[in-house]
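# Structural characterization, general
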Amino acid sequence: MLSESVFCLLTEDLLIRVLDKLGPDRKSWRLVCKEFHRAESVTRKTVRILRIEFLLGLLQKYCNIETLDLSLCPRIDDGAVSILLSQVSLSWTRGLRRLVLSRNTGLGYTGLEMLIRACPMLEAVDVSHCWGYGDREAAALSCATRLRELNMDKCLGVTDIGLAKIAVGCSQLETLSLKWCLEISDLGIDLLCKKCLELKFLDVSYLKVTSESMRSIASLLKLEVFIMVGCDLVDDAGLRFLEKGCPQLKAVDVSRCNCVSSSGLISIISGHDDLEQIGAGYCLSELSAPLVDCLKNLKQLSIIRIDGVRVSDFILQTIGINCKSLVELGLSKCIGVTNMGIMQLVSGCGNLKILDLTCCRFITDAAISTIADSCPDLACLKLESCDMVTENGLYQLGSSCLLLEELDLTDCSGMNDIALKYLSRCSELVRLKLGLCTNISDIGLAHIAYNCPKMTELDLYRCVRIGDDGLAALTTGCKKLEKLNLSYCNRITDKGMEYISHLDELSDLELRGLSNITSIGIKAVAVSCKKLADLDLKHCEKIDDSGFWALACYSQNLRQINMSYCMVSDVMLCLLMGSLKRLQDAKLVHLAKVTVQGLELALRACCGRIKKVKLQSSLRFLLSSEILETIHARGCKIRWD
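A few points on the structure. Here the residue index of a chain counts from 1 through its sequence in written order. Whole-chain, interface and lining totals are the exception, using all residues; otherwise, since this is a predicted model, local features are given only for residues with pLDDT of at least 70 and side-chain atom pairs are given and counted only at 80 or more. The side-chain numbers reported here are obtained from all heavy atoms of the structure, hydrogens and water having been left aside.

### Observations concerning the overall build of the protein
Strands here are runs of E lasting at least two residues and helices are runs of H or I lasting at least four, both read from the DSSP assignment and numbered beginning at the N terminus. If you tally the helices and strands in the protein, you get 28 helices and 24 strands. Here the globule rule reads 2.2 Å times residues to the power 0.38, and the radius of gyration is calculated from C-alpha atoms. Since a compact globule built from 641 residues should have a radius of gyration of about 26 Å, the 27 Å found for the protein is in line with a globular shape. Expressed along its principal axes, the backbone C-alpha trace of the protein runs to roughly 70 × 65 × 65 Å. The long-range share in the protein, meaning contacts at least 24 apart out of those at least 6 apart in sequence, stands at 75%. Both charge centroids of the protein, one from 75 positive and one from 77 negative side chains, sit 4 Å from each other. By definition, residues are in contact when any of their heavy atoms lie within 4.5 Å. By the counting rule applied here, Lys and Arg register as positive and Asp and Glu as negative, while His and the ends of each chain are not counted. Where a charge sits is defined by one atom per residue type, namely NZ (Lys), CZ (Arg), CG (Asp) or CD (Glu).

### What to know about the pairing of strand E22 (residues 585-588)
Pairing of strand E21 (residues 560-562) with E22, which is carried by 3 bridges, proceeds in the parallel orientation. If you follow Asn 562 over to E22, its bridge partner there is Lys 587. Handedness of the crossover joining E21 and E22 through helix H26 (residues 570-579): right-handed. Handedness of a crossover is defined as follows: with both strands directed away from the viewer, a clockwise route from the first strand across the helix to the second makes it right-handed. The handedness of the E22 to strand E23 (residues 612-615) crossover, carried by helix H27 (residues 596-606), is right-handed. Strands are labelled as partners when DSSP assigns at least two bridges between them.

### Some details on the nonpolar core
Put simply, buried Ala, Val, Leu, Ile, Met, Phe, Trp, Tyr and Cys residues joined by side-chain atoms within 4.5 Å make one nonpolar core. Only protein chains enter the accessibility calculation, which uses a 1.4 Å probe. A residue is then buried if its area is under 20% of the maximum for its type, exposed if over 50%, and partly exposed in between. Residues Ile 217, Phe 226, Ile 342, Leu 407 and Leu 511 are the most contacted members of the largest nonpolar core, which totals 206 residues. In contact with Ile 217, not counting residues within four places along its chain, are Ile 189, Cys 193, Leu 202, Leu 223, Phe 226, Leu 242 and Cys 246.

### Some thoughts on a nonpolar patch on the surface
Two distance rules govern patches: like charges are joined within 9 Å, and nonpolar side chains (Val, Leu, Ile, Met, Phe, Trp, Tyr) within 5 Å, applied only to residues with over 30% relative accessible area and no salt bridge. Accessible surface is estimated by sampling points in the Shrake-Rupley manner with a 1.4 Å probe; for residues, cover comes only from the protein chains shown. Take a side-chain nitrogen of Lys or Arg and a carboxyl oxygen of Asp or Glu: if they are within 4 Å of each other, that pair is a salt bridge. A surface patch of nonpolar side chains, amounting to about 320 Å² of accessible area, comprises Val 527, Trp 549, Tyr 554 and Leu 575. Judged by relative accessible area, Val 527 falls into the partly exposed class, the value being 31%.

### Describing the pattern of salt bridges
A full pass over the atoms with the stated rule returns 17 salt bridges. Lys 531 is paired through a salt bridge with Glu 505; the nearest N and O atoms lie 2.8 Å apart. Separated by 26 residues along the polypeptide, Lys 531 in the loop between helix H24 (519-528) and strand E20 (534-536) and Glu 505 in the loop between helix H23 (494-500) and strand E19 (508-510) bring together distant segments of the chain. With relative accessibility at 44%, the residue Lys 531 sits in the partly exposed group. Judged by relative accessible area, which is 32%, Glu 505 ranks as partly exposed.

### Re H24
When we look at burial in H24, the residues that qualify are Ser 519, Gly 521, Ile 522, Ala 524, Val 525 and Ala 526. On its buried face, H24 is in contact with H23, E19 and helix H25 (545-554).

### Section: unusual backbone geometry
One non-glycine residue, Arg 103, lies in positive phi territory at about 65 degrees. Inspection of the secondary structure assignment puts Arg 103 in the loop between strand E3 (98-100) and helix H8 (109-118).

### Looking at the packing of aromatic side chains
Planes of paired rings set the category: under 30 degrees apart is stacked, over 60 is edge-to-face and the rest tilted, where pairs are Phe, Tyr or Trp rings (Trp by its six-membered ring) whose centres lie within 6.5 Å. The tally for this structure, following the rule as stated, stands at 4 aromatic pairs. Ring plane angle 90 degrees and centroid distance 5.9 Å describe the contact between Tyr 461 and Tyr 488, whose orientation is recorded as edge-to-face. Taken together, the positions of Tyr 461 in the loop between strand E17 (457-459) and helix H22 (468-477) and Tyr 488 in the loop between strand E18 (483-485) and H23 put the pair 27 residues apart, joining distant regions of the chain. On the basis of relative accessibility, which here comes to 28%, the residue Tyr 461 falls in the partly exposed class.

### Topic: the pairing of strand E24 (residues 637-640)
Note: E23 against E24, 4 bridges, orientation parallel. Paired with Lys 614 across the two strands is Arg 639, which belongs to E24. As for the winding sense of the linkage, the β-α-β connection from E23 through helix H28 (residues 625-633) to E24 is right-handed.

### Quick word on H25
Where H25 is concerned, the buried positions are Gly 547, Phe 548, Ala 550, Leu 551 and Ala 552. The inward-facing, buried residues of H25 abut H24, E20, E21 and H26.

### So, the environment of Cys 359
On the secondary structure map, Cys 359 appears in the loop between strand E13 (354-356) and helix H18 (365-374). Not counting chain neighbours up to four residues away, the residues in contact with Cys 359 comprise Lys 333, Glu 384, Ser 385 and Cys 386.

### Topic: the environment of Lys 479
On the secondary structure map, Lys 479 appears in the loop between H22 and E18. Take Lys 479: its relative accessible area is 46%, and that puts it in the partly exposed class. Counting along the chain gives 188 residues from Lys 479 to Leu 291, while the straight-line C-alpha distance between them is 48 Å. Setting aside chain neighbours within four positions, we find Lys 479 in contact with His 502, Leu 503 and Glu 505. Here a polar contact is recorded for every N or O atom pair within 3.5 Å, except that within protein the pair must consist of a potential hydrogen donor and a potential acceptor, and residues adjacent in sequence are included only if both atoms are side-chain atoms. Within the local environment of Lys 479, its side chain forms a polar contact with the backbone oxygen of Thr 475, the two atoms lying 3.2 Å apart.

### Quick notes on the side chain of Ser 177
Along the chain, the position of Ser 177 falls in strand E6 (residues 175-177). You can call Ser 177 buried: its relative accessible area is 8%. Within the structure, Ser 177 has its side chain in polar contact with the side chain of Asp 153 (distance 2.5 Å). Not counting chain neighbours up to four residues away, the residues in contact with Ser 177 comprise Leu 150, Asn 151, Met 152, Asp 153 and Asp 203.

### Some remarks on the side chain of Ser 302
Along the chain, Ser 302 falls in the loop between helix H15 (289-294) and strand E11 (303-305). Filtering out sequence-adjacent residues up to four positions away, Ser 302 remains in contact with Glu 276, Ser 325, Leu 326, Val 327 and Glu 328.

### A short note on the packing of H27 against H28
Simply put, an axis is a line fit to the C-alpha atoms, just over the touching stretch for a helix, and the angle between two N-to-C directions goes from 0 to 180 degrees. Remark: H27 packs on H28, axes separated minimally by 11 Å, with the N-to-C direction vectors making an angle of 25 degrees. One element, H27, and the other, H28, form an angle in the roughly parallel class. Crossing handedness for the pair H27 and H28: left-handed. Of H28, the residues touching H27 (which contributes Glu 600, Leu 603 and Arg 604) are Glu 626, Ile 627 and Ile 631. Classification convention: Asp, Glu, Lys, Arg as charged; Ala, Val, Leu, Ile, Met, Phe, Trp, Tyr, Cys, Pro as nonpolar; all other residues, Gly among them, as polar. Split into classes, the residues belonging to the contact of H27 with H28 amount to 3 nonpolar, no polar and 3 charged. The cut-offs work like this: below 35 degrees is roughly parallel, past 145 is roughly antiparallel, 65 to 115 is roughly perpendicular, and the gaps in between are oblique. Handedness of a crossing follows from how the near helix is turned relative to the far one, being left-handed for an anticlockwise turn of less than a right angle and right-handed for a clockwise one.

### Some remarks on the state of the cysteines
The rule for a disulfide is simple: a pair of cysteine sulfur atoms within 2.5 Å. All chains considered together, the criterion is met by 0 disulfides. For Cys 426, which is in no disulfide, the shortest distance to another cysteine sulfur is to Cys 401 and amounts to 6.7 Å. Of all cysteine sulfurs in the structure, the one in Cys 606 sits closest to Cys 607, which takes part in no disulfide; the separation is 6.9 Å.

### Thoughts on the packing of helix H21 (residues 442-451) against H22
It is at 8 Å that the axes of H21 and H22 come closest, and there the two elements cross at 5 degrees. The angle between the axes of H21 and H22 places the two elements in the roughly parallel class. Facing Asp 442, Leu 445, Ala 446, Ala 449 and Tyr 450 of H21, the residues of H22 in contact are Asp 469, Gly 470, Leu 471, Ala 473, Leu 474 and Gly 477. By residue class, the composition of the contact of H21 with H22 is 7 nonpolar, 2 polar and 2 charged.

### Considerations on the environment of Gly 521
Looking at the element boundaries, Gly 521 is found in helix H24. For Gly 521, a relative accessible area of 1% corresponds to the buried category. Measuring from C-alpha to C-alpha, the distance between Gly 521 and Asp 373 comes to 45 Å, with 148 residues separating the pair along the chain. If sequence neighbours within four positions are ignored, Gly 521 has contacts with Asp 494 and Met 497.

Rendered as structure tokens:
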């Protein structure tokens, strides 16, 4: 009673100020008392809906929201929107500024237009990966006349006509992403550039546009970021249009543009001294000396990604001399990267925070030592397949790079328990990849577990010497783990699953090929790991119906599951698929105990909310045409294995 009376004395304004001081975990605090609950309801700005049955109640409760995220609510369709707008007070729509509908395949143009028209203040919409969207949906989006930001990635049906409607209706657009909108051509881009003069960010990656589109884009006086990854019809002549245009350009990415050479990039650089980011991965045969020499004029250049390009020691040395402000450098799969080149590079780029040396196989401990000494602020280092790096290199990293947050050592055969002991000095580590490091054991994992409490992601794929004891240490020291890959770590048993069940924050778990875990272990995980959203059980052949029953009952947050090659029956598969209300992606290949009829029943049980399903290719002609048509009509993609 005392605590209640004290809170009753505080005004709503004071309660709100108290809430602001308490940090991000508002859910816990709103349960303390009704006063906090009321204050949190008034001040909440973002709502992410996971289950449609809660939609009406939440929107009535949180009437001051600015962002509504429906991307994880698979059953939103035109009918649901109609009911929503007719039954609920529309006060929540008046202040809504951002609407997220990514991957929402159930909502058509009718419902989309109703939603858009009901929200007069809407400034940002995300319909990325709504692959069925076309010109009618684009017309609905054009009703949002105040729109500043629009993401239409992989809206496969949108053509120049749909883009024209958006360009005319949403002339104040500042950010537009059209990646993988394959039906858009030069004509649509030209009209866009004539109507949307406020554009600051434009992504046309993988569009079939030509150099003529570059002429149009060059007229955008406020454009700051231009991304054109995989535009194979654009050549150096097209890039020369940009040399005299886009005076505010800060970032450009021409990666995987096969007709672009160093000459085209030089054109862009020579016309834009304020460039801060350059992406040119997998489009240049080699990094030429004239191109690198141009970089010295870019005093603000902070990011270069040139993955897959041939380089030399001289080129890397020149980058080190000319680009003192670099904070990120991508050299993944570059040919010609040597110890000497890297040592000369980092001696001039001491501010590097992100360095990607994936598959630079000639890198040894000498280069790693120089990186550690020269770049004390390094936060991310990727060394996948650099198998000449050993414990000696990790000793230097652990001694000098104490701010390191992410390290990728996948397939680095020189890693062992001593290396992990040295690495454990990097107590800020958040993400660590050790896949295919077959020489590490429970002992090394314990060093990481006890000294890196901030770890959220850990990849132990095919680390075959890791067992239950390692997991015991891991789950004691790394309580914040959200993502864990234990695939093919065959020493792990149900005891290890019991340890994993203590990870309250775990959302992504890969257990592929664990031949020693049974339904007992899976039940322990299902009961305790309430946030589990992605689960891979492929080839876990000792898990039977009782394990899948536990998942059906307790793992209600599952969005993706891989059950391929598992021993599940018709009845249990149907129960599981019907019970997981948030399930959006299921892999159901080679289920030996499931019949065609059982599979059809399971598909019907989840039809309407699931978005992707992977099936054995031989079933293509065994499943009824009626079920296949129904699945497709409900917005679900079938992938045949």
